[in-house]
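# Structural characterization, general
What follows is the residue order along each chain.
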Amino acid sequence: QVTLRESGPASVSPTQTLTLTCTFTGFTLSTSSMYVDWIRQAPGKALEWLARIDWEDDKYYNPSLRPRLTISKDTSKNEVVLRMTNVDPVDTGTYYCGRVAGTYFWATDVWGQGTTVTVSS
Amino acid sequence: QSVLTQPPSISATPGQRVTISCSGDNSNIGTYSVDWYQQVPGRAPKLLIYANDRRPSGVPDRFSGSQSGTSASLAISDLRSEDEADYYCAAWGGSLNGHVFGTGTKVTVL
């Protein structure tokens, strides 16, 4: 069974760096055509894709957020980490990680439950 | 930012058929396949359709997807109260643009 769980601080002060961890089970990120995405959702707003990392450690970013984002993986721990620098109140929302598999034509077939982050001073 | 355009809301009565449109361009839907997600308020999204028209195991065949050119659509037949949710389309936009989501459509069952 594939599961993903997001973890990180519930609140962050403006200008700080937000670090989120996605811990997963049921698959390995060293398997061909396997990826992990980070997606977020501001309150009452649409989903917004943030970043993707693949089994070969290739990384892809939302171009509008690229300067502030870093995605990395620790295959031995089954973890993917997202760092977002210089956060602002507009970064408040729920952050999800999800598995993307080639067998599902690169759709996010399994999502974590999400972690809520509030950016406020 | 969303680059796939969906109608903000659709309302219908139980038993009706509804169709949600998703409009993109040649950098996304015109080149890559489309996925659809269902999100019940307060819950994580759930994959409903992938590769334009394929259903994951467990998704009822009342849900169907199609794609033509730079547009896609999701149809829900025999609408039920449990279908009340937000629906999002998504597609890959290439390595420079990444994954793009639609603006979302709220389906209300009257």
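Everything that follows concerns the structure shown earlier in this document.
Note that the coordinates shown come from a computational prediction; the quantities given were computed from them, not determined experimentally.

To continue, consider the overall build of chain B. Within chain B, the secondary structure is distributed over one helix and nine strands. From first element to last, N terminus to C terminus, chain B shows the α and β order β-β-β-β-β-β-β-α-β-β. Since a compact globule built from 110 residues should have a radius of gyration of about 13 Å, the 13 Å found for chain B is in line with a globular shape. Each principal axis of the C-alpha distribution contributes one length, and for chain B these read about 40 × 25 × 25 Å. A total of 110 residues make up chain B; the buried ones form 48% of that total.

Now for the side chain of Arg52(A). Within the secondary structure layout, Arg52(A) lies in strand β5 (residues 47–54). Accessibility expressed as a relative area gives 3% for Arg52(A), which makes it buried. Polar side-chain contacts of Arg52(A) include one of 2.6 Å to the side chain of Asp37(A). The contact partners of Arg52(A), leaving out residues within four places of it in the chain, are Tyr35(A), Val36(A), Asp37(A), Asp58(A), Lys59(A), Tyr60(A), Ile71(A), Val100(A), Trp106(A), Trp92(B) and His99(B).

Turning to the interface of chain A and chain B, a few remarks are in order. Every contact between the two is made by 25 residues of chain A and, on the other side, 24 residues of chain B. Of the roughly 1,800 Å² buried at the junction of chain A and chain B (both faces included), carbon and sulfur atoms supply 62%. Per-residue buried area on chain A facing chain B is highest for Leu47(A), Trp49(A) and Phe105(A); these three make up 30% of the total on that side. Our enumeration of links across chain A and chain B arrives at zero salt bridges. When residues of the side of chain A that touches chain B are traced back to their parent elements, those giving at least two are β4 (34–41), β5, β6 (59–61) and β10 (107–111) of chain A. Residue composition of the side of chain A that touches chain B, by class: 13 nonpolar, seven polar and five charged.

Residue and element names in this part refer to chain B. One open sheet accounts for three strands, arranged β2-β6-β5; its pairing is antiparallel. Looking along the sheet, the strands with just one partner apiece sit at the ends: β2 (18–23) and β5 (63–68). With direction set aside, neighbouring strand axes in the sheet form an average angle of 20 degrees. Both β2 and strand β6 (residues 71–76) contribute to a ladder of six bridges, which runs antiparallel. Each residue of the ladder has a partner; that of Ser-23, found in β6, is Ser-71.

This part is about the pattern of salt bridges. All names here are of chain A. Applying the stated criterion across every chain yields a total of nine salt bridges over all chains. For Glu-48, the salt bridge is made with Arg-40, and the minimal N-O distance between the two is 2.8 Å. We note that Glu-48, like Arg-40, is buried. When salt bridges that share partners are traced, they join Arg-40, Glu-48, Arg-68 and Asp-91 into one network.

Turning our attention to the state of the cysteines. Inspection of the entire model under this criterion finds two disulfides over all chains. Between the sulfur of Cys22(A) and that of Cys97(A) lies a disulfide, 2.2 Å long from S to S. Its S-S torsion of about 75 degrees marks the bond between Cys22(A) and Cys97(A) as right-handed, since a negative value means left-handed. Of the two residues, Cys22(A) sits in strand β3 (residues 18–25) while Cys97(A) sits in strand β9 (residues 93–101), which places them 75 residues apart along the sequence. Residue classification places Cys22(A) among the buried positions, given a relative accessible area of 0%. Since its relative accessible area comes to 0%, Cys97(A) is described here as buried. Here Cys22(B) connects covalently by a disulfide to Cys89(B), the sulfurs 2.0 Å from one another. Residues Cys22(B) and Cys89(B) share a disulfide whose torsion about the S-S bond is about 75 degrees; that sign makes it right-handed. Placement of the pair is Cys22(B) in strand β2 and Cys89(B) in strand β7 (residues 85–92), with a sequence separation of 67 residues.

Now for the pairing of strand β1 (residues 9–12) of chain B. Residue and element names in this part refer to chain B. Taking every second residue as pointing to the same face, the buried face of β1 carries Ile-10 and Ala-12, while none of Ser-9 and Ser-11 on the other face is buried. When β1 meets strand β9 (residues 105–109), the two strands line up parallel, connected through four bridges. Across the sheet, the residue bridging to Ser-11 is Thr-108, located in β9.

Thresholds applied
Residues numbered from 1 in each chain as written. Chains lettered and ligands numbered in written order. Predicted model: local features only at pLDDT ≥ 70, side-chain atom pairs only at ≥ 80, totals over all residues. Heavy atoms only, no water. Helix = DSSP H or I, 4+ residues; strand = E, 2+ residues; numbered from the N terminus. Rg over C-alpha atoms; globule rule 2.2 N^0.38 Å. Buried < 20%, exposed > 50% of the residue type's maximum accessible area, 1.4 Å probe, protein only. Polar contact = N/O pair within 3.5 Å; in protein donor to acceptor, adjacent residues only side chain to side chain. Contact = heavy atoms within 4.5 Å. Buried area = accessible area lost by both parts, 1.4 Å probe. Salt bridge = Lys/Arg side-chain N within 4 Å of Asp/Glu carboxyl O. Nonpolar A, V, L, I, M, F, W, Y, C, P; charged D, E, K, R; others polar. Pairing = 2+ DSSP bridges. Axes fitted to C-alpha atoms, helices over the stretch in contact; angles between N-to-C directions. Disulfide = S-S within 2.5 Å.

Remember that the coordinates give geometry; whether it matters functionally is a separate question.
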